[in-house]
Amino acid sequence: MNICVFCSSSDAVSKKYFDSAKKLGVEMVKAGFNLVYGGAKRGLMGAVADSVKSAGGGVIGVIPKALKKYGIAMEGLDKLIVTDNMRERKSVMERKSDAFIFLPGGVGTLEEAMEILTLKQLHYHNKPLVFVNTANYYSTLFKFFEKMEKEKFIKKELCNMFHVAKNGRAAVRYIKRYKPSKFKDKWF
Ligand code: AMP
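Now for a look at the structure at hand. Since the structure is predicted, the reported quantities are computational estimates derived from the model, not experimental observations.

## Notes on the packing of helix α4 (residues 86-96) against helix α5 (residues 107-121)
The interhelical angle for the contact between α4 and α5, taken along N-to-C directions, is 60°, at an axis separation of 12 Å. By the angle class used here, α4 and α5 are oblique. When the axes of α4 and α5 are compared, the crossing they make is right-handed. Residues Arg 89, Lys 90 and Glu 94 of α4 form the contact with α5, whose own contacting residues are Glu 111, Glu 112, Glu 115, Ile 116 and Leu 119.

## Some remarks on the sheet that holds strand β1 (residues 2-6)
Pairing is parallel across the open sheet formed by 7 strands, whose spatial order is β4-β3-β2-β1-β5-β6-β7. Because the sheet does not close on itself, it has two edges, and the strands there are β4 (79-83) and β7 (163-165). Taken pair by pair, the neighbouring strands of this sheet meet at an average axis angle of 25°, ignoring direction. Of the pairings in the sheet, the one linking β1 to strand β2 (residues 34-37) comprises 3 bridges and is parallel in character. Looking across to β2, one finds that Asn 2 is bridged to Asn 34. Contacting β1, β5 (99-102) and β6 (129-132), α5 crosses the sheet at an angle of about 150° to β6.

## Re the environment of Gly 108
If you trace the backbone, Gly 108 turns up in helix α5. Distance from Gly 108 to Phe 153, taken between C-alpha atoms, is 23 Å for residues 45 residues apart in sequence.

## So, the site of the ligand
Close contacts around the ligand come from 16 residues, with Ser 9, Arg 89, Gly 106, Thr 109 and Glu 112 the closest. Interatomic distance of 3.3 Å between a backbone N/O atom of Cys 7 and an oxygen atom of the ligand. A distance of 2.9 Å separates an oxygen atom of the ligand from a polar backbone atom of Gly 108. The fraction of the free accessible surface of the ligand (470 Å²) that becomes covered by protein chains is 86%. It is α5 that contributes the most residues to the shell around the ligand, 4 residues altogether. A per-class count over the shell around the ligand returns 7 nonpolar, 7 polar and 2 charged.

Rules and cut-offs
Residues numbered from 1 in each chain as written. Predicted model: local features only at pLDDT ≥ 70, side-chain atom pairs only at ≥ 80, totals over all residues. Heavy atoms only, no water. Axes fitted to C-alpha atoms, helices over the stretch in contact; angles between N-to-C directions. Helix = DSSP H or I, 4+ residues; strand = E, 2+ residues; numbered from the N terminus. Parallel < 35°, antiparallel > 145°, perpendicular 65-115°, else oblique. Left-handed = near helix turned anticlockwise from the far one by under 90°. Contact = heavy atoms within 4.5 Å. Pairing = 2+ DSSP bridges. Near = heavy atom within 4 Å. Polar contact = N/O pair within 3.5 Å; in protein donor to acceptor, adjacent residues only side chain to side chain. Areas by Shrake-Rupley, 256 points an atom, 1.4 Å probe, with all protein chains shown as cover. Nonpolar A, V, L, I, M, F, W, Y, C, P; charged D, E, K, R; others polar.

By themselves, these figures tell us nothing about what the structure is for.
Here is the structure:
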């Protein structure tokens with residue numbers, strides 16, 4: 001089973017986020033999951049990949065050729081898939097993964113999270129999605145979802161399509177026990 005982890009490529013974020021990424025890697029390997037991720041050695045992406053590798057787990061990186069040219073690809077992965085562009089990369093990551101975890105990140109991570117969530121609400125897949133809310137990083141996003149719901153841009157049900165975990169351990173536990181449920185159509 002593969003878990004796709006989307007997370008920050010920033011090297012400048014606080015240590016608490018790096019610690020949380022490293023712990024997630026350890027928990028994934030303990031539970032027998034492999035990692036699928038963006039293939040870079042930077043930021044939390046590099047931290048989670050390093051941690052999975054050091055704990056003896058398998059890592060598949062998926063990187064577009066334009067980013068690989070910057071020399072940011074991680075070496076020594078079990079597999080590095082190079083795609084033509086970002087869109088193809090996301091679709092490879094999605095197809096290869098049985099579950100998705102979103103650690104804190106910037107617009108790249110947010111875009112990936114929103115795409116996976118959008119695909120779920122349109123019934124393209126019914127895989128588990130988990131936000132790891134390290135230091136309440138994503139709490140303002142969930143507040144924004146509340147506003148969307150209040151203004152009827154989304155149904156309340158959307159918030160049942162993902163889980164919020166306080167750390168990597170809880171995220172992995174949720175994924176192990178996940179049973180897909182049926183969702184109604186998104187339209188009012
Ligand atoms: P951000 O949250 O803006 O730092 O973007 C991180 C997310 O976007 C990751 O989950 C990656 O899939 C993708 N991404 C952004 N920058 C890179 C990079 N330098 N190398 C590989 N993937 C990246």
